[in-house]
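# Examination of the molecular architecture
Okay, here's what each chain looks like letter by letter:
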Amino acid sequence: MKIPTICPYCGGKVIFTDSAVLYGGRSHGMVYLCTNCNASVGVHKGTQKPLGTLANTALKLKRRETHAVFDGYWKEQRMKRTDAYKWLSRQMGMPEYRTHIGQMDMEQCQRVIEIVYSQTKAAQNAA
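In what follows, the accompanying structure is described. (Residues numbered from 1 in each chain as written. Predicted model: local features only at pLDDT ≥ 70, side-chain atom pairs only at ≥ 80, totals over all residues. Heavy atoms only, no water.)

Time to look at the nonpolar core. Soluble, globular proteins show a tendency: their nonpolar side chains are buried together. By size, the foremost hydrophobic cluster in this structure holds 17 residues, and its most contacted members are F70, L88, M92, M104 and V112. Of all elements in the fold, only α2 (57-76), α3 (81-92) and α4 (106-126) reach the threshold of two or more residues within this core. Apart from the residues within four sequence positions on either side, M104 is in contact with L59, R63, L88, M92, T99, C109 and V112. Listed in part, the eight residues of the second largest apolar core include C7, V14, C34 and A39. (Core = buried A, V, L, I, M, F, W, Y, C linked by side-chain atoms within 4.5 Å. Buried < 20%, exposed > 50% of the residue type's maximum accessible area, 1.4 Å probe, protein only. Helix = DSSP H or I, 4+ residues; strand = E, 2+ residues; numbered from the N terminus. Contact = heavy atoms within 4.5 Å.)

So, on to the packing of aromatic side chains. Enumeration according to the criterion identifies three aromatic pairs in this entry. With 5.0 Å between their ring centres and 65 degrees between their planes, F70 and Y85 make a pair best called edge-to-face. Residue F70 is found in helix α2, and its partner Y85 is found in helix α3; the two are separated by 15 residues along the sequence. Each member of the pair F70 and Y85 is classed as buried. (Phe/Tyr/Trp six-rings, centres within 6.5 Å; stacked < 30°, edge-to-face > 60°.)

Within the secondary structure layout, Q124 lies in helix α4. Among the residues examined, Q124 registers a relative accessible area of 56% and is labelled exposed. For the pair formed by Q124 and I101, sequence separation is 23 residues and the distance between their alpha carbons is 26 Å.

A word on the pattern of salt bridges. Applying the stated criterion to the full structure yields one salt bridge. The salt bridge involving K62 is made with E65; its shortest N-O contact spans 3.3 Å. Here E65 and K62 lie together in helix α2, a separation of three residues that amounts to about one turn. (Salt bridge = Lys/Arg side-chain N within 4 Å of Asp/Glu carboxyl O.)

Two orientations exist for strands paired in a sheet by backbone hydrogen bonds: parallel and antiparallel. Taken in spatial order, the three strands of this open sheet run β1-β2-β3, and their pairing is antiparallel. At either end of the open sheet lies a strand with only one pairing partner, and these are β1 (14-18) and β3 (40-42). For this sheet the average axis-to-axis angle between neighbouring strands, irrespective of direction, equals 25 degrees. Taken together, the three bridges between strand β2 (residues 30-34) and β3 define a ladder with antiparallel strand orientation. Directly across from V31, in β3, lies its bridge partner G42. (Pairing = 2+ DSSP bridges. Axes fitted to C-alpha atoms, helices over the stretch in contact; angles between N-to-C directions.)

This is the structure we're talking about:
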């Protein structure tokens, strides 16, 4: 994952800083943060490697929703997490290395939700 230096939302400067700057004093680890619009992305613990791509508030909320739907689905199906992402990559026609919710945009997140709901509905109709 490429380290962000320029914000894709506003063109602002992105810095590496403690998340306490973003969350008002409570630290949740380090983040890359746009100094202009507050788009951010966390990093893998103990590294400077981004967990995904910068996200503004709307995209963060959409990614949380997507994780809730997708994680609920693969757990209900008793899949392993890695197998679930392999399945999702096939469903979306994306390479596995790109099939991570932290790298998805709004449209891709919505597509994940629609795929899961269609699978759930098909399973209900088959029962």
